[in-house]
Amino acid sequence: MKKDKKKNNKSGKIILIVLWSMFAVGIICGFGLFYGISHEWFGDMPTFEELENPSTNLASEIISADGKVLGTYYVENRSNVNYSELSPHLVNALLAIEDIRFYEHSGIDQRALMRVVAGIITGNDKGGGSTLTQQLAKNLFPRGENLSTIQLVIRKFQEWVTATKLEYNYSKDEIIAMYLNTVFFGHNAYGIKKASETFFNLEPKDLNIEQAALMAGVVNAPSRFSPIRNPERALQRRNLVISQMATYGFITQEECDSISQIPIDMSKFGVLDHNTGQATYLREYLRQTLTDWAKENTKPDGTPYNIYKDGLKIYTTIDSRMQKYAEEAVREHLALDLQPAFNRHWKGYTNAPFSLEKDEIKDLMEISMKRSERYRKMKKEGIDIDSIRKNFNTPTEMTIFSWDGPIDTVMTPMDSMRYFKSFLQSSLMSVESHTGHVKAYVGGIDYRFFKYDHVTQARRQVGSTFKPFLYSLAMQEGEYTPCTTVPNISYSIEMPDGKFWEPRDAGKTKLGEEVTLKWALAHSNNRISTFLMKQFGPEAVIQMARRMGVTSPIESVPSICLGVCDISLYEMVGAMNTFANKGVYIKPFFITKIEDKNGNVIEYFDTEQVEAMDNVTAYKMIELMKGVVQIGTGVRLKYKYGLRNPIAGKTGTTQNQSDGWFMGITPDLTTGVWTGAEDRAVHFRTIGLGQGSNMALPIWALYMQKVYADSTLNISKGDFEKPLSDVALEFDCELYEQEQSQKNQAIEEEEEF
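It should be emphasised that the depicted structure is a prediction, and the values quoted were computed from it without experimental measurement.

Definitions and cut-offs
- Residues numbered from 1 in each chain as written.
- Predicted model: local features only at pLDDT ≥ 70, side-chain atom pairs only at ≥ 80, totals over all residues.
- Heavy atoms only, no water.
- Salt bridge = Lys/Arg side-chain N within 4 Å of Asp/Glu carboxyl O.
- Helix = DSSP H or I, 4+ residues; strand = E, 2+ residues; numbered from the N terminus.
- Buried < 20%, exposed > 50% of the residue type's maximum accessible area, 1.4 Å probe, protein only.
- Polar contact = N/O pair within 3.5 Å; in protein donor to acceptor, adjacent residues only side chain to side chain.
- Contact = heavy atoms within 4.5 Å.
- Phe/Tyr/Trp six-rings, centres within 6.5 Å; stacked < 30°, edge-to-face > 60°.
- Lys NZ or Arg CZ within 6 Å of the ring centre and 35° of its normal.
- Pairing = 2+ DSSP bridges.
- Axes fitted to C-alpha atoms, helices over the stretch in contact; angles between N-to-C directions.

Chemist: Explain the pattern of salt bridges to me, please; I cannot follow it from the model alone.
Modeler: Once their charged atoms are close, side chains differing in charge can pair, the charge on each being opposite to the other. Summed over all chains, the structure comprises 25 salt bridges. When the shortest N-O distance is used, the salt bridge between Lys706 and Glu328 registers 3.6 Å. In this pair, Lys706 is assigned in helix α28 (residues 697-709) and Glu328 in helix α14 (residues 320-346), connecting sequence segments 378 residues apart. Its relative accessible area of 22% is what places Lys706 among the partly exposed residues. Glu328 sits in the partly exposed class, given a relative accessible area of 27%. With its nearest N and O atoms 3.7 Å apart, the salt bridge here joins Lys370 to Glu366. Residue Lys370 and its partner Glu366 are located together in helix α15 (residues 358-371), separated by 4 residues, close to a single helical turn. Assessed through its relative accessible area of 39%, Lys370 is described here as partly exposed.

Chemist: What's the story with the side chain of Asn694 in this structure? I'm lost.
Modeler: Considering the arrangement of structural elements, one finds Asn694 in helix α27 (residues 692-695). A distance of 2.8 Å separates a polar side-chain atom of Asn694 from the backbone oxygen of Leu689. The residues touching Asn694, leaving out its near neighbours within four places in the chain, are His333, Leu338, Arg636, Gly688 and Leu689.

Chemist: Please clarify how the environment of Arg460 should be interpreted in this entry.
Modeler: Secondary-structure assignment places Arg460 in strand β8 (residues 460-461). Residue Arg460 is classed as buried on the basis of its relative accessible area, which comes to 6%. Spatially, the C-alpha atoms of Arg460 and Ile567 are 5.5 Å apart, while their sequence positions differ by 107 residues. A polar contact is formed between the side chain of Arg460 and the side chain of Asp659, at a distance of 2.6 Å.

Chemist: Could you clarify how one ought to interpret the packing of aromatic side chains in this entry?
Modeler: The description of an aromatic ring pair uses the distance of the two centres, along with the angle that the planes make with each other. Summed over the entire model, instances satisfying the criterion amount to 25 aromatic pairs. Taking the centre distance of 5.1 Å and the plane angle of 85 degrees together, the rings of Phe102 and Tyr103 count as edge-to-face. Take Tyr103: its relative accessible area is 41%, and that puts it in the partly exposed class. Relative to Tyr190, the ring of Phe184 has its centre 4.6 Å away and its plane inclined at 35 degrees; by these criteria the two rings are tilted. Linked through ring pairs, Phe401, Trp403, Tyr419, Phe420, Phe423, Phe449 and Phe450 together constitute an aromatic cluster. Geometry around Phe392 places Arg374 over its ring, the cationic atom sitting 5.9 Å from the centre. Positioned over the ring face of Trp346 is Arg685, at 5.1 Å from the centre of the ring.

Chemist: Explain the sheet that holds strand β20 (residues 669-677) here, please?
Modeler: Strands pair in a sheet through their backbones, by hydrogen bonds, and they do so in one of two ways: parallel or antiparallel. Reading across the sheet, the 5 strands line up as β7-β6-β20-β19-β18 and stay open at both edges, with antiparallel pairing between neighbours. Where the open sheet ends on each side, the last strands, each with one partner, are β7 (438-442) and β18 (648-653). Taking each pair of neighbouring strands and ignoring which way they run, the sheet shows an average axis angle of 5 degrees. Relative to strand β19 (residues 659-665), β18 is paired through 6 bridges, and the arrangement is antiparallel. Within β19, the position partnered with Lys650 by the bridge is Met663.

Chemist: What am I meant to see in unusual backbone geometry here?
Modeler: Glycine aside, a negative phi is what most residues show, and trans is what most peptide bonds show. Across the junction of Ala352 and Pro353, the peptide omega takes the value 0 degrees, indicating a cis bond. Following the sequence through the fold, Pro353 ends up in the loop between α14 and α15. At Asn201, a residue that is not glycine, the phi angle is positive and equals roughly 55 degrees. Relative to the assigned elements, Asn201 resides in the loop between α9 (192-200) and α10 (209-218). Residue class for Asn201 comes out exposed when judged on its relative accessible area of 52%. If you check the backbone angles, Lys582 has positive phi at about 60 degrees while not being a glycine. The exposure class of Lys582 is partly exposed, given its relative accessible area of 39%.

Laid out in structure tokens, this is it:
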């Protein structure tokens, strides 16, 4: 009995000593904080300025015009939220499992510390003693690794002082928000905003009780309690949090029992990175642009901005709804229609999908090998060419693309390159007619596997979509109208070497007859294009294209009227939009403003504008290009897709059907689509399948169907506005022909008289 009594007395003394020590440390911490001498006592400590602006790595967000986050640039995928943006269930769950006395203590919870000390003495662990504020201090200013016991004790005191500073300078609600912004939830998600998006595709304010409980439970050990890697542990941990919420009165016991039975739903889970999400090709294009911008712009402290760490908010012109419709349209046409047709088209052909001989294919694959990243890395390591070739022909594990989702397989790198070349690609860019705002941007079919951007990077042969440049010149300089008639006969142009250039034209309809320019453009007639080129010359046509925003090299030869030059989709959409914008070229742009992490605007962005032609010429071109949809190569927009509102358009098909184009213009939107394979040797063998009206036009139609169906977008189905300078402009070419016939007859009668 005496021994037990002595033992209890000894334990009691130890507890009293520890408690008095803690009390003394608390007094010292408070005294040091109050007099600002904590640095001298405890070593390097965060200053008040550092507490105001903790040096966490904040992801920069790319934000759509309708307020959706399209993606981020980051070292740590982290974005901050305010307390008002948190679900009350999340706050309650966090308090229940981590710090129920949070609103009662001042950063250090003496009662919790006594519980820890008692647990150490008795060997009965009853939980940790760190408050949320202390955990926040640790997250903001990490301890480092391999600390000695003395260093660890000192670091603990530093955290206490930092926690006291945080409590002194911030409200409780602000501390909760700061804590949730700093913690790591696993799966590359830093902070509650990115965690909510990664786990449930939700904003933090929209989390329900069971989702909030899971989030609050995961932070204790993100890997151990991951609902993806350890679903059973995650469920147990979530239910523990729910039980604690009931214990502390945040929910009823009935709610606890009911919610605990709900399985964890991770159907919306998706790790966020640069390969996933919306507008992946645009985000990569902007990343390169913004990296250059950051080098030229400095923060108030004089250092350059860092798009990966400074938490910038990049506001774009993209509309997330229209972007979604554009991506869906590309996938719908290629995956369900065009690619299966292409595969059937080449089935049974030894050299499929190449229109080349065996030796030519071998040479092409050799070039492709030397352009690959694998080859460049091996070459840089000093590996000889024979060993590299052997590597490229050795089966290896890899993940390849399919329209049904990625496939894990074993394949030689050389075979994989040939496999990837068999897929048709497509790109789409849609611009708001009168502002130049790019509303949708699709650079390819899947950024994870195909990095090449066919909107801004690629220059492809444009075919007959080039003809509007020539016709614009005729409308502007030659005073032609859509109803002007020209004999539909063969024309030739003498070249500098004395030879004559005379293009072929497959169409024989109305051969030898007088045809209107509207009919000629609608049917992509090469003879009339040659006639116009003979009138004006290639250099004048090139200058018109330059005024309309085309910067790609164009050779000054007559054949450009047939579209033999290579131009990017970005340039073509901007140029065609000139017609909708009453003759003023407006350079398509993507960013409206950039803010810093505190919401201060760093820079506003605008675009360039150039008057390329007068508004009457632009209106004439709209009327000309309406004929493509009314009676020409784009007529399926009406009979197959039911788009009967005013649309001006132009299809384009290049040599060997390597490239299919469609440019479609409405009063509100100008949208261009290109379709083809990455390698020009891969294409349909027949014009019926390989023409622009079959490869590209359907994507435009599907996109516009979805856009028109969304009433929230307010996209007009009305007609184009006529120029005020000549409100009498009417282009009913049948009526025009009758009037011309009557005028000619009157002249003849007058001459006879």
